[in-house]
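One letter stands for each residue in the lines below.
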Amino acid sequence: MASKNLSERDKKHLWHPLTQHKLHPEMLGIIKAKGAMLYDERGKGYIDGIASWYTCMYGHCNDYILEKVYGQMQELDQVVFSGFTHEPAVRLSEELIKILPPNQEKLFFSDNGSTATEIGIKMALQYHFNQGKKRPVLLAFEGGFHGDTFGAMSVSGLSVYNGPFEEFFIDVERIPVPTPHTIHALLEQLETRLQKQDIAGFVYEPLVQGAAAMQMHGAEELAQLLELMGKYRVLTIADEVMTGFGKTGTNFASDQITSKPDIMCLSKALTAGLVPMGVTSCTREVYDAFYSDEISKGLFHGHTYTANPLACTAALAGITLLQSDEIQSSIRRIMASHRQFDAEIKDHPKVAATRQTGIIYALDLKVEMERYGQLRDRLFEHFMDQGVFLRPLGNTIYVLAPYVISEEQLKRIYGSIKMMLEKL
Ligand SMILES: *Cc1c(COP(=O)(O)O)cnc(C)c1O
């Protein structure tokens, strides 16, 4: 049994991510997870309504994944991936390439979503550099989120949290996310800007901007932007760290967009929530710009745990599950349930707006701004009391549950949201 009083012992030495400890000193001790459920040290259960930050889509401690990884542990745990290769990485490359958009041909491994994006950025910058072209600028969407390392922070939307680092950022210009009304003006402006030929790449979250409170945009306008980038040899970098592996209703959000990215960044659900790993994939053309007799034209980036065999095995097991009839029908079931729930609440006087892409559902609350500050904490506490783990972003509540969530568990999430709307 796990020891009790985790939250007291935690305070002594631990420093948590994205936390102002003076304002939020209490951490909840979690001792067990199974399927869509988390359990705290007092034994209370919570439905994991955000799949632990969009990772464990096939359920926590999934028996099939555990068995595969346990098997791999007996054979090969870790080995250098420079000069060596191994079966889990080779198999994963074969299986992942089969489900990625058809123009993706090469995979570069790293450890998390930030590094996957960081590598995508470095690929884009060096792609042009290797061809003797000076293109030091990157483009990104306003309000995007791409991670917390320097390159990834640079291409993310400006935020008060990044203030101390801004003067060290790489050169990034931000463009608004297009709507059917703004796309024409945006394309015109952009075409003028791109003629300077100094932009190396465009980083974007396709269809859904996760950290921007699940803001959603249309595939058609995005495709038009991407086509224009292609015309000026700006490499397009799709950050699918959040959207990847079924969440938008297709394997990848990019599957729904006619123009395919040059580079893709994957993590989170890639390893099904078991262990961390990132992958940056690219086209043959990007890879070829690094393929040379000159050693310095190679991509000299590497992490110690690159392509860890256990992580690759977890990813392979996850891909097998993603393609199973069971998971595919769960995805359709959750999409339909969300639509039904939406019809019930979208006209509620406390609901300002709702949106859905695949199994991602979000609703904005109609609240006065001065109550905004404590609202997030109040909402969070309400849901936790109800045994539902949701992390509201500002005045947005979103649901991104594991595919294995039962209809009854989904109803409990919806019920807790309806109750909150009445309490507001
Ligand atoms: C979470 C996330 C990242 C960063 O991934 P980490 O593993 O937390 O470093 C990057 N991009 C997007 C879209 C994300 O959702």
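Just above sits the structure.
Because the structure is a prediction, the values reported are computed rather than measured.

(A) The pairing of strand β6 (residues 172-175), seen in detail. Here strand β5 (residues 137-141) runs beside β6; their pairing, made up of 4 bridges, is parallel. Bridging across to β6, Leu139 finds its partner in Glu173. With helix α6 (residues 150-155) bridging β5 and the parallel β6, this β-α-β connection has right-handed handedness.

(B) How the structure looks around the pattern of salt bridges. For the structure on display, the rule yields 17 salt bridges. For Asp63, the salt bridge identified is with Lys34, shortest N-O distance 2.9 Å. Taken as a pair, Asp63 in helix α3 (residues 63-73) and Lys34 in strand β1 (residues 30-34) lie far apart in primary sequence, 29 residues in all. The exposure class of Asp63 is exposed, given its relative accessible area of 53%. The partly exposed category is assigned to Lys34, whose relative accessible area is 35%.

(C) Looking closely at helix α5 (residues 113-129). Across its 17 residues, α5 extends 24 Å between first and last C-alpha, which sits within 8% of the 24 Å expected from 1.5 Å per residue. With respect to burial, α5 is a largely interior element, 14 of its 17 residues being buried. Taking the backbone nitrogen of Ser114 as reference, a side-chain oxygen 2.9 Å away marks Asn112 as the first, capping residue of α5.

(D) Summary view of the environment of Phe169. Mapped onto the elements, Phe169 comes out in the loop between α6 and β6. Overall, Phe169 belongs to the buried group, its relative accessible area being 16%. Sequence-distant contacts of Phe169, that is, excluding residues within four places in its chain, are made with Phe150, Met153, Ser154 and Asn162.

(E) Here's a closer look at the packing of helix α7 (residues 183-194) against helix α8 (residues 219-231). Contact pair α7 / α8: the axes reach a minimum separation of 11 Å and the direction vectors enclose 15 degrees. The orientation of α7 with respect to α8, classified from their angle, is roughly parallel. The chirality of how α7 crosses α8 is right-handed. Contacts between α7 and α8 pair Ile183, Leu186, Leu187, Leu190, Glu191 and Leu194 from the former with Glu221, Gln224, Leu225, Leu228, Met229 and Lys231 from the latter. Grouping the amino acids of the contact of α7 with α8 by side-chain chemistry returns 8 nonpolar, 1 polar and 3 charged.

(F) Seen up close, the packing of aromatic side chains. Under the criterion given, the structure shown has 11 aromatic pairs. Ring centres 5.1 Å apart and planes at 70 degrees place the aromatic pair Phe245 and Phe252 in the edge-to-face group. In this pair, the class of Phe245 matches that of Phe252, namely buried. Here Phe380 and Phe389 contribute two aromatic rings whose centre-to-centre distance is 6.4 Å and whose plane-to-plane angle is 90 degrees, an arrangement assigned as edge-to-face. Cluster of aromatic residues (ring-pair linked, three or more members): Phe141, Phe202 and Tyr204. A cation over a ring is seen here: Lys106 above Tyr287, with NZ or CZ 4.3 Å from the ring centre. The ring of Phe380 has Arg376 lying over it, and the distance from NZ or CZ to the ring centre is 5.4 Å.

(G) Main features of the site of the ligand. Near the ligand, the surroundings consist of Asn112, Gly113, Ser114, Phe145, His146, Gly147, Glu205, Asp239, Val241, Met242 and Lys268. Here Gly113 contributes a backbone N or O atom positioned 2.8 Å from an oxygen atom of the ligand. One of the backbone nitrogen or oxygen atoms of Phe145 is found 3.5 Å away from a nitrogen atom of the ligand. Out of a free accessible area of 380 Å², the ligand has 82% covered by protein chains. Among the residues making up the shell around the ligand, the classes are represented as 3 nonpolar, 5 polar and 3 charged.

How each quantity is defined
- Residues numbered from 1 in each chain as written.
- Predicted model: local features only at pLDDT ≥ 70, side-chain atom pairs only at ≥ 80, totals over all residues.
- Heavy atoms only, no water.
- Pairing = 2+ DSSP bridges.
- Helix = DSSP H or I, 4+ residues; strand = E, 2+ residues; numbered from the N terminus.
- Right-handed = clockwise from strand over helix to strand, strands pointing away.
- Salt bridge = Lys/Arg side-chain N within 4 Å of Asp/Glu carboxyl O.
- Buried < 20%, exposed > 50% of the residue type's maximum accessible area, 1.4 Å probe, protein only.
- Expected span 1.5 Å × (residues − 1).
- Polar contact = N/O pair within 3.5 Å; in protein donor to acceptor, adjacent residues only side chain to side chain.
- Contact = heavy atoms within 4.5 Å.
- Axes fitted to C-alpha atoms, helices over the stretch in contact; angles between N-to-C directions.
- Parallel < 35°, antiparallel > 145°, perpendicular 65-115°, else oblique.
- Left-handed = near helix turned anticlockwise from the far one by under 90°.
- Nonpolar A, V, L, I, M, F, W, Y, C, P; charged D, E, K, R; others polar.
- Phe/Tyr/Trp six-rings, centres within 6.5 Å; stacked < 30°, edge-to-face > 60°.
- Lys NZ or Arg CZ within 6 Å of the ring centre and 35° of its normal.
- Near = heavy atom within 4 Å.
- Areas by Shrake-Rupley, 256 points an atom, 1.4 Å probe, with all protein chains shown as cover.

Fair warning: the whole summary comes from geometry, so function is off the table for now.
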